[in-house]
Amino acid sequence: MAEEKALTASSESGFNLIKFLGEVKAEMGKVSWTTKRELMTDTAVVAVAVVIVCALIWICDTFFSRLFTLILR
C-alpha cells in the first residue's frame, strides 16, 4: 500500500508539458506589453546615456594619459 502511494505521488509530481504550456499561455496573457512609443522613448534614453558615459570615459582616459605622459618624462 505504501509503495502504491509512493508511485502515485511520484507520477503526479512529474513534469507535464501540456499543463506547463497552458500555464505559460495564461501568464503571458497577464503581461503588460509596452507600446511602440514607450519602446522608442526608452531606447533613445539608453542611447543618450551610453553616449554620455562613453564621452566621460574618453575624457578621463585622455586626462590620465596626458597626466602620466607628463609625469614619466
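Everything numeric here is computed off the predicted structure, so don't read it as measured data.

About the thresholds
Residue positions are given per chain, counted from 1 along the sequence in the order it is written. Note on the predicted model: pLDDT of at least 70 is required for a residue's local features to be given, and 80 or more for side-chain atom pairs to be given and counted; whole-chain, interface and lining totals, by contrast, use all residues. The side-chain figures draw on all heavy atoms in the structure; neither hydrogens nor water molecules are used. The salt bridge definition used is simple: a Lys or Arg side-chain nitrogen within 4 Å of an Asp or Glu carboxyl oxygen. Numbering of helices and strands runs from the N terminus, with a helix taken as a DSSP run of H or I at least four residues long and a strand as a DSSP run of E at least two residues long. Between 30 and 60 degrees the pair is tilted, below 30 it is stacked and above 60 it is edge-to-face, where a pair is any two Phe, Tyr or Trp rings, Trp via its six-membered ring, whose centres lie within 6.5 Å. Note on exposure labels: buried denotes an accessible area under 20% of the residue type's maximum, exposed denotes more than 50%, and partly exposed covers the range between, all computed with a 1.4 Å probe on protein chains only. Each residue after the first adds 1.5 Å to the expected span of a helix. We define a polar contact as two N or O atoms separated by no more than 3.5 Å, with the added condition that, inside protein, one atom must be a possible hydrogen donor and the other a possible acceptor, whereas residues neighbouring each other in sequence contribute only through side-chain atom pairs. What pLDDT conveys is the predictor's confidence in a given residue, as a value from 0 to 100. The contact rule is simple, with two residues in contact once any of their heavy atoms fall within 4.5 Å. To count toward a patch, a residue needs a relative accessible area over 30% and no salt bridge; like charges are then connected within 9 Å, while nonpolar side chains (Val, Leu, Ile, Met, Phe, Trp, Tyr) are connected within 5 Å. Throughout, the Shrake-Rupley method with a 1.4 Å probe supplies accessible areas, and for residues the shown protein chains are the sole cover considered.

1. Concerning the pattern of salt bridges
Where charged atoms of side chains with opposite charge meet at close range, the side chains can pair. Scanning all chains against the criterion turns up one salt bridge. In this structure, the salt-bridge partner of Glu27 is Lys30, at a minimum N-O distance of 3.2 Å. Of the two residues, Glu27 and Lys30 are both situated in helix α2 (residues 17-30); the distance of three residues between them amounts to about one turn of the helix.

2. A closer look at the packing of aromatic side chains
One pass over the structure, following the stated rule, counts three aromatic pairs. Note on Phe15 and Phe20: the rings are 5.6 Å apart at their centroids and 50 degrees apart in plane angle, and the pair reads as tilted. Given a relative accessible area of 65%, Phe15 falls into the exposed group. By relative accessible area, Phe20 is classed as partly exposed at 40%.

3. With respect to α2
The end-to-end C-alpha distance of α2 is 20 Å, a good match for the 20 Å that 14 residues give at a rise of 1.5 Å each. The N-cap of α2, judged by a side-chain oxygen 3.2 Å from the amide nitrogen of Ile18 a few residues on, is Asn16.

4. What to know about the confidence of the model for the chain
Summing up the model confidence of the chain, the mean pLDDT is 88 and the portion of residues at 70 or higher is 84%. When mean pLDDT is taken per element in the chain, helix α3 (residues 36-72) scores highest with 97 and helix α1 (residues 2-12) scores lowest with 51. Here residues 6-10 is modelled with pLDDT under 50, and outside its nearest four sequence neighbours on either side it reaches zero contacts, counting other chains as well.

5. Structural notes on a nonpolar patch on the surface
On the surface, a nonpolar cluster with roughly 820 Å² of combined accessible area is contributed by Phe15, Leu17, Phe20, Leu21, Val24, Met28, Val31 and Trp33. Inspection of the secondary structure puts Leu21 in helix α2. Accessibility expressed as a relative area gives 45% for Leu21, which makes it partly exposed.

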